[in-house]
Structure formats: structure tokens, C-alpha cells
Amino acid sequence: MNDELTKTTGFGQPQRTLGPKEREEDLAQQAYAQAANTAEAVRCPQCGTINSPEAMFCATCGAMLKMATCPNCGSPLDPDADFCETCHSYIRHDVCSFCGTHLDEHEAFCHECGSPRGGIVCPVCHTLNEFSFCKQCGAALTDEARQLMAEMKATPQYKELLRAAEEFNDLEMQVPYLSDRDLLHEKSCEQLRERVLRLLAEDEGLEQIIIPPSQKSLVSKEELDARKAEIRAKITELLNRIATPPQIQPVKARNYAMAQKPAGMRLAWQCNYKNALHSSPCGCAKPQLGGRWVVLGNGTKQEIKDDL
């Protein structure tokens, strides 16, 4: 069979011969033109390609062609999103937001985990939550969440992360000296501490008096900042090791990520979906794409999407 195609003019006279590649492009253009003449054809907003009515993604650039709508506020959503980042509402009423089990329309409680459709009030901070971990304080609210957190805390790298987080929190509370006067004041306080401890020991009749050194001493702002940067880098490395991998269910991804979070640190969850910073994965529409915790610290100027 001849792979060449003769393209004719409007009067039936041969114009030129098309090769296999040109023939394929010509047939594609004809198909796009035919699709464009139908009322149901979908034009890609990114590259302009005409796609069939059933297409969800553009055949040329892969861009999403059809968007869902939030039933609460009407904002556009990806079809596989279960959370609206505009009105901060869970929208999948056929899936339990706590364990991911399919729910019937009239079930008030999940038949798998027993959680109510309306959410759970956190016993620690009294925040109403639609997910297994409190979005405000991070407390585990379901049996599955508590078990997941216990398993995470038992791992060596999580124990190392907690130690680093505790040291970082102590550094955040530490005040550096800013002048020689601060150093003199610190020295006077240390001398007073040693004197009081010696007097107490003498009152108890101790013959050999040993004064333990102070656990904390003033450091310069430069020294303190350098130590904080060192610990922050260590924490970031540990968090990257336990980054949330892509999951099948968004509910499972949220639970896994929240179980990772060390208490007492100011963190943000950076999602792979939009590369945005969220206060937690509870504020992300598609956490199943994965993400990681990011150390913010005090006084950061980084913008958290949920706080807008």
C-alpha cells in the first residue's frame, strides 16, 4: 500500500504529494476541524487543541479540560478533589473523612470507624474537625489515628526528630546577650546561684560541696542564630526522610502526614499538588499527591495558604 497521499486543488488537479508524516498531520487537522464543528467539542484553555466531548485531559498538552464545582460555595474544583480550599469544606459525603470508607447516603456514623458525619470536637482545644487529627493542635481523634501516631513514635528516626525539635524549641526561647552589660548581669546571677547552693549545702552539714555548673549560659545573637540554623537543617533532613508519599486515598494521606508532625514546632505542610504551604494537610484539596513538612520558626514571612 502506498504511504503517500496526493493533495488536490479545488478543481481536482493534483497539487503535491504528501509523505507519511505530512499525511498524519493532515488527517489530524481534519479530525480536529470535524470535532470543532460539533457543539460538544472541548477546546483546551492552555494550547487551544480541540478535544472530544468525553475527554477529561487535553490530548496534546495534558491540561485538565473539565472542572467540578464545590457544592457549598460554587468554586471550581478538580474532579478528584475531596476538599474545597476556598470555603475549607470537605465535599465527599459518600466517603468517610476519618478513615476513607464508602458511606451510604443516610448513614449518620461510619460503619467502619464509628465517626460521625458532622465531625469530632477536639477534647484538647475544642475545635470541630472533619479529619482524624485536630487541624488546630494536632491531637489524634480516632483509634486509627492514635495507633498510627504510636507506630510513628516508635521509629528511631521519629525519636531523633523529637529530640531535635525539643532542642530547637529551647533555642527559640533563648535570649542572646546584646551588650557587655548583659554579660556582667549574667555573671552576677551565676555568682549568686553558686553562693545560695553553697549555703544550702553547708546548712545540711555536707563536708564536700560540689556546685554543678549552670545548664544555660548567654550566647551572642550570631552564635544563637548559627545553632538554630544547624538544628533547623537537621530537622528539615529528618522531615524529608519521612515525607508523605503519594497515596491512593486523600484521607489516608492526611492521616499519615499528621502522624508525622512533631508537637510544639511551627511547621507548614508543603503539598505536591500546588506546591503551596498549608497549616496542615487538612487544608489541601489533593494530599494524595504527597507533600512534606517545612520548618517555619518564629517571625517567618512565608505565606500559609490556609491563613489567607
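Coordinates for the structure precede this section.
Each chain has its residues counted from 1, running along the sequence as written. The model is predicted, so local features are restricted to residues of pLDDT at least 70 and side-chain atom pairs to those at 80 or more, both for listing and for counting; the totals for chains, interfaces and linings are taken over all residues. Note: side-chain values were computed over all heavy atoms of the structure, leaving out hydrogens and water.

(A) A look at a nonpolar patch on the surface. Together, Leu192, Val196 and Leu200 make up an exposed nonpolar region whose accessible area comes to about 270 Å². Working definition: helices are DSSP H or I runs of at least four residues, strands are E runs of at least two. Numbering for both runs from the N terminus. Note on placement: Leu200 falls in helix 4 (residues 180-203). For Leu200, a relative accessible area of 47% gives the class partly exposed. Excluding any residue in a salt bridge, patches collect residues exceeding 30% relative accessible area, merging like charges within 9 Å and nonpolar Val, Leu, Ile, Met, Phe, Trp and Tyr side chains within 5 Å. For accessible areas, the Shrake-Rupley method is used with a probe of radius 1.4 Å. Any residue's cover is judged against the shown protein chains and nothing else. Salt bridge, as used here, is a side-chain nitrogen of Lys or Arg placed within 4 Å of a carboxyl oxygen of Asp or Glu. Whether a residue is buried, partly exposed or exposed follows from its accessible area with a 1.4 Å probe, protein chains only, as a fraction of its type maximum: under 20%, in between, or over 50%, in that order.

(B) Fine view of the nonpolar core. Take the buried Ala, Val, Leu, Ile, Met, Phe, Trp, Tyr and Cys residues and link them wherever side-chain atoms come within 4.5 Å; each set so joined is a nonpolar core. Residues Phe133, Leu161, Ile235, Leu239, Met265, Trp293 and Val295 are the most contacted members of the largest nonpolar core, which totals 34 residues. Contributing elements (two or more residues each) for this core: helix 2 (143-153), helix 3 (156-173), helix 5 (221-241), helix 6 (250-260), strand 11 (267-271) and strand 13 (291-295). Broken down by element, this core gets its largest block of residues, 6 residues, from helix 3. Counting residues in each nonpolar core, the second largest holds 10 residues, with Cys99, Cys110, Ile120 and Cys122 among its members.

(C) Representation of the packing of helix 2 against helix 6 in the model. Angles here are taken between N-to-C directions and fall from 0 to 180 degrees, while the axes themselves are lines fitted to C-alpha atoms, restricted in helices to the stretch in contact. Orientation of helix 2 relative to helix 6, taken along the N-to-C sense of each, is 50 degrees, at an axis distance of 9 Å. Between helix 2 and helix 6, the angle is such that the two are oblique. Along this stretch, helix 2 crosses helix 6, giving a crossing that reads as right-handed. Across from Glu144, Leu148, Met149 and Met152 in helix 2, the residues of helix 6 making contact are Lys252, Asn255, Tyr256, Met258, Ala259 and Gln260. An angle below 35 degrees is treated as roughly parallel, one above 145 as roughly antiparallel, one from 65 to 115 as roughly perpendicular, and anything else as oblique. For any pair of crossing helices, the crossing counts as left-handed if the nearer helix is rotated counterclockwise from the farther one by less than a right angle, and right-handed if it is rotated clockwise. In this description, contact between two residues means that some pair of their heavy atoms is separated by no more than 4.5 Å.

(D) Unusual backbone geometry, seen in detail. A positive phi angle is found at His88, which is not glycine, with a value near 55 degrees. Looking at the element boundaries, His88 is found in the loop between strand 7 (83-84) and strand 8 (89-90). When its relative accessible area of 36% is taken as the criterion, His88 is described as partly exposed. You will see that His126, though not glycine, has its phi angle at about 65 degrees, which is positive.

(E) Structural detail: the sheet that holds strand 11. Pairs of strands are assigned from DSSP output, requiring at least two bridges between the strands. Pairing is antiparallel in the open sheet, where 3 strands are placed in the order 12-11-13. At either margin of the open sheet sits one strand with a lone partner, and together these are strand 12 (277-278) and strand 13. Taken together, the 2 bridges between strand 11 and strand 12 define a ladder with antiparallel strand orientation. Along strand 12, the bridge assignment pairs Gln270 with Leu277. Of the strands in this sheet, strand 11 and strand 13 are in contact with helix 5, which crosses strand 13 at around 170 degrees.

(F) Quick look at the pairing of strand 11. In terms of burial, strand 11 is largely enclosed, as 5 of its 5 residues are buried. In strand 11, alternate side chains face the same way, and those of Leu267, Trp269 and Cys271 on one face and Ala268 and Gln270 on the other are all buried. Looking at chain direction, strand 11 and strand 13 are connected through 5 bridges and run antiparallel. Bridged to Ala268 within strand 13 is Val294. Hairpin connection between strand 11 and strand 12: a loop of 5 residues separates the two successive antiparallel strands, and Asn275 in this loop has a positive phi of roughly 55 degrees.

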